[in-house]
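A structural walkthrough
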Amino acid sequence: MSVTERRPTEDLVKDDDYGALKVVPVRHPWRWAAVAATAVLVAQFVHGLATNSGWEWEVFAEFFTADVILEAVWVTLQLTFYGTALGFALGIVIAFMRLSASPFLKSVAFAYIWAFRSIPLIVQLLFWFNLAYLYKELQFGIPFGPGFFSFDTMGLVGAMSAAVLGLALHQAAYAAEIVRAGVLAVDSGQLEAAAALGIPRLRQIRRIVLPQAMRSILPNAANEIISLFKGTSIVSVMAIGELFYQVQVIYGRNGRVVPLLMVATAWYVLLTTALSVLQHYVERHFSKGESR
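Please read these numbers as outputs of a predicted model, since none were measured by experiment.

**Quick word on the packing of aromatic side chains**
- Following the criterion strictly, the structure yields eight aromatic pairs and no others.
- Between F229 and Y268 the ring centres are 5.5 Å apart and the planes differ by 75 degrees, which places this aromatic pair in the edge-to-face class. Residue F229 is found in helix α9 (residues 201-231), and its partner Y268 is found in helix α11 (residues 257-286); the two are separated by 39 residues along the sequence.
- Among the residues examined, Y268 registers a relative accessible area of 13% and is labelled buried.
- Following the ring pairs from residue to residue traces out a cluster consisting of W55, W57, F60, F64 and W267.

Here's what the structure looks like:
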């Protein structure tokens, strides 16, 4: 008597009828446990925000749209805009200096990036704010020779000008490396083809290199802009009326530290979200014709 061995699925699958197989979903018990634990923690946090009287939401509502806070938000936006515009304009120049064939320009650009990334931003701001202490006057004339005219530096750099100058020069060092990395990400064959067609060098950079490099530049550049926006709070050491400084002044008077800090936090979150949405649409514009 012969015994024929049967396969386990022989009773279910006949004549290649795979539709008869029972599909069992993969179990993820630990994933559901993590979801449940996270949901409980989030619910507890939200419940604490709503029920803990220490947050003083009535004080938050009173000062969130107060005139002094709105003026401070406007100062913060100005610092961010000027620091970003001047910083990236200078950063583009420094980036192409590093990419040039001149050893001298490369060395100058590298030294600039090294110096401004090494010195803390607060030190740079205080240096520019106290420029008149080091240089009483500035002269224009023959280098190492007589000067034709000069002017006093006491009123040359005010608090706001020093803040913009410090933020822009600091931002330029980081922007230069971001732009350089974006340019290097463009295939060198693009420039070779453009040169073969007789396209001028400046037009190659403006119409061929930078539009393609923007795909690599934008994410890092957006992060730097958002960091600069939040980093403007450091100019409070110069008594400039930006958002964080005004919040400190108010809670120094009324003692409502937590709700005033929440006012600043809410404005930072709101404006950072707006910048992130803008980043999304700008990236989508420069990603036309590219599928991910």
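**Focus: the side chain of Q246**
- Here Q246 lies in helix α10 (residues 243-254).
- Q246 gets classed as buried once you look at its relative accessible area, which sits at 17%.
- Residues in contact with Q246, not counting those within four places in the same chain, are V68, A72 and G241.

**Section: the layout of surface pockets**
- Counted as a void, the largest pocket has a volume near 550 Å³.
- T84, L218, A221, A222 and I225 are the residues nearest the centre of the largest pocket, which is lined by 23 residues in total.
- Every element with two or more residues in the lining of the largest pocket is listed here: α3 (67-99), α9 and α11.
- Here the lining of the largest pocket takes nine residues from α9, the largest share from any one element.

**Details of unusual backbone geometry**
- Even without a glycine there, the phi angle at E56 is positive, about 50 degrees.
- Relative to the elements of secondary structure, E56 occurs in the loop between α1 (29-51) and α2 (57-64).

Rules used in this analysis
- Residues numbered from 1 in each chain as written.
- Predicted model: local features only at pLDDT ≥ 70, side-chain atom pairs only at ≥ 80, totals over all residues.
- Heavy atoms only, no water.
- Phe/Tyr/Trp six-rings, centres within 6.5 Å; stacked < 30°, edge-to-face > 60°.
- Helix = DSSP H or I, 4+ residues; strand = E, 2+ residues; numbered from the N terminus.
- Buried < 20%, exposed > 50% of the residue type's maximum accessible area, 1.4 Å probe, protein only.
- Contact = heavy atoms within 4.5 Å.
- 1 Å grid on protein atoms, 1.4 Å probe; cavity = no way out; pocket = protein on both sides within 12 Å on 5 of 7 lines; lining within 4 Å.
- Points joined across faces, edges and corners; volume = space filled by probe spheres on them.

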